[in-house]
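The residues making up each chain are set out below.
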Amino acid sequence: MTPKEPTRILSVRRLNQEGPGTQSLSEWWQSECQNKTPEAAAIAEAADRLQNSDIPVAFPTETVYGLGADATRSGSVQGIYKAKQRPSDNPLIIHIDSLDMLDRLLNPVQMSPTRACKTPQNSIPSIYEPLIARFWPGPLTILLPNPSGSLLADEVTSNLTTFGVRMPASPLARLLIHVTDRPLAAPSANASTKPSPTSAEHVYHDLQGRIDLILDGGMCGVGVESTVVDGLSDPPAVLRPGGIGIEELRTCPGWERVQVGYHDGTLDVKEIPRAPGMKYRHYSPKARVVLFEAGSDERAVARHVLHDLEDTAIGAHMVGVVRTKHWKRGLGLVSEGEMQRSLKPIPSLVDDLVSFSIPVKDHASADGGPVVKETFDCHLGADLESIARGLFSALRAMDEMEVDVIYVEGVLDTEGDLAAAVMNRLRKAAGAELRV
Ligand code: TXA
Ligand code: MG
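Analysis parameters
Residues numbered from 1 in each chain as written. Chains lettered and ligands numbered in written order. Predicted model: local features only at pLDDT ≥ 70, side-chain atom pairs only at ≥ 80, totals over all residues. Heavy atoms only, no water. Helix = DSSP H or I, 4+ residues; strand = E, 2+ residues; numbered from the N terminus. Buried < 20%, exposed > 50% of the residue type's maximum accessible area, 1.4 Å probe, protein only. Lys, Arg positive; Asp, Glu negative; His and termini not counted. Salt bridge = Lys/Arg side-chain N within 4 Å of Asp/Glu carboxyl O. Polar contact = N/O pair within 3.5 Å; in protein donor to acceptor, adjacent residues only side chain to side chain. Contact = heavy atoms within 4.5 Å. UniProt positions renumbered as here; feature names shortened; annotations may be inferred. Phe/Tyr/Trp six-rings, centres within 6.5 Å; stacked < 30°, edge-to-face > 60°. Axes fitted to C-alpha atoms, helices over the stretch in contact; angles between N-to-C directions. Parallel < 35°, antiparallel > 145°, perpendicular 65-115°, else oblique. Left-handed = near helix turned anticlockwise from the far one by under 90°. Nonpolar A, V, L, I, M, F, W, Y, C, P; charged D, E, K, R; others polar.

Topic: the side chain of E409
So, point 1. For E409, the position within the fold is in strand β19 (residues 405-409).
So, point 2. An unpaired buried charge is present at E409: no salt bridge exists, and R323, the closest side chain of opposite charge, is 6.4 Å distant.
So, point 3. Side-chain polar atoms of E409 contact the backbone nitrogen of W327, separated by 3.2 Å.
So, point 4. Those residues in contact with E409 that sit more than four places away from it in its chain are F292, V322, R323, T324, K325, H326 and W327.

Overview of the UniProt feature "binding site: ATP" (unreviewed entry) in the chain
So, point 1. The positions UniProt marks with the feature "binding site: ATP" (unreviewed entry) are T63, R86, N90, T162, S188, S196, R240 and Y283. Annotated residues spanning 221 residues; largest pairwise C-alpha distance 25.2 Å, indicating distribution over more than one region.
So, point 2. Structurally, T63 is set in the loop between β2 (57-59) and β3 (66-70).
So, point 3. Residue T63 is classed as buried on the basis of its relative accessible area, which comes to 3%.
So, point 4. Sequence-distant contacts of T63, that is, excluding residues within four places in its chain, are made with P139, R166, T198, C220, V222, G223, V224, E225 and S226.
So, point 5. Side chain to side chain, T63 and T61 meet in a polar contact 2.9 Å long.

Comments concerning the packing of aromatic side chains
The description of two aromatic rings rests on the distance between their centres and on the angle between their planes.
So, point 1. A full pass over the atoms with the stated rule returns three aromatic pairs.
So, point 2. Their ring planes at 35 degrees and their centres at 6.4 Å tell us that F292 and Y407 sit as a pair that is tilted. With F292 in strand β14 (residues 288-292) and Y407 in strand β19, this residue pair connects regions lying 115 residues apart in the sequence. No difference in accessibility class separates F292 from Y407, as the two residues are buried.
So, point 3. Counting every residue linked through ring pairs, the aromatic cluster contains F292, W327 and Y407.

A few points about the packing of helix α13 (residues 384-400) against helix α14 (residues 419-429)
So, point 1. Look at α13 against α14: their axes get within 9 Å of each other, and the N-to-C directions meet at 20 degrees. The angle between α13 and α14 places the two elements in the roughly parallel class. Our pair here, α13 against α14, has a crossing hand that is left-handed. Facing α13, whose interface residues are L384, I387, A388, L391, F392 and L395, α14 presents A419, V422, R425, L426 and A429.
So, point 2. Counted by class, the contact of α13 with α14 contains ten nonpolar, no polar and one charged residues.

Structure below.
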């Protein structure tokens, strides 16, 4: 099924910001319905589509926007793969609103000809208890054995014996799941291979015409996807670094020996990745991404950029620089006065995006130039929270500017909980990681 109507964006920002307060999700929902708020109408419409149509609905979570479908119906889950053009051997994460919903998933009621009977009670393995107590609702996905007679559509798990599940911190996401009364399968709501979306506009850019509805909850607070952990293996492993760092996990009982179970170029691991999604090209803007390791010498970076701008074979007409902790605007390629003369702030979803001109030699001209090349500069901030929050937006903004190459200042993998997640996404986006 393909959408017959243009994609609509419905704002639910107020609810995502306010949250339920001291109310339960049911009480919150009831009061919104009684007050006939536009947000309640948007959620009711989204829930109706999730229950009754096979076209997925995009919604905000605290990590990135998700593309949701009823995880118990094959047709609806197939709709996700179709809209995203995602390979079907890449399993999806299930989103729940409560531990009750998870309990129902773990203990499907088996219908026999004579009576409805329950299989012996399945519970959440105890290894996960400290994690759930500490990090849920939040950006942590755990793997659980998929029970026999599972309610989940086969397409969700891609025929694995486990399923990945998380309870999102976004109140809006939990409310939508609650009203839909179904576990929602939801990968990030980008077109496959593109950077994950952290705003409704990003989703619209990638999926307009392929889905009907986008719930707009504003910018996502975390900015990178959830951490995926496998506590069923011994020792337990992180299969995807994300919003919860490995050092934080290590402080939980049973997780002291948690291992890195993914590889992104930092480790000399030759195994097939255990989270199937980690083997695909990912998070890639159109422009070539060149990632510089933390601690690279800024002058050497500047020489590299200048070389690309001057080299007609490379053909970089416009470049973007995404800065984090240490690089200065302009990388010293242009004097402060010259930069100020051409400086233009660029309206964008990222806070600090400007453009200015850099004079370079033009080897194609008889006298060697100079010509002026436009450079876009984005500073994500120096703390990891703001770097993670702005990362995908910055890559997307650079694509909108149609730059040819994006140079990114990396951070040390070990310098904070989100650092490994940020570097993992950048390594997947980058064609090369350089140390100069
Ligand atoms: O933050 C998030 O997790 C976002 C938001 C929307 O909640 N969702 C998300 O989903 O990133 P997705 O589908 O793009 O990523 C799912 C990741 C993939 O790397 C996939 O291979 C892994 O989780 N995964 C899912 N189920 C798995 C399983 N049973 N075994 C191993 N890996 C699994
Ligand atoms: Mg994704």
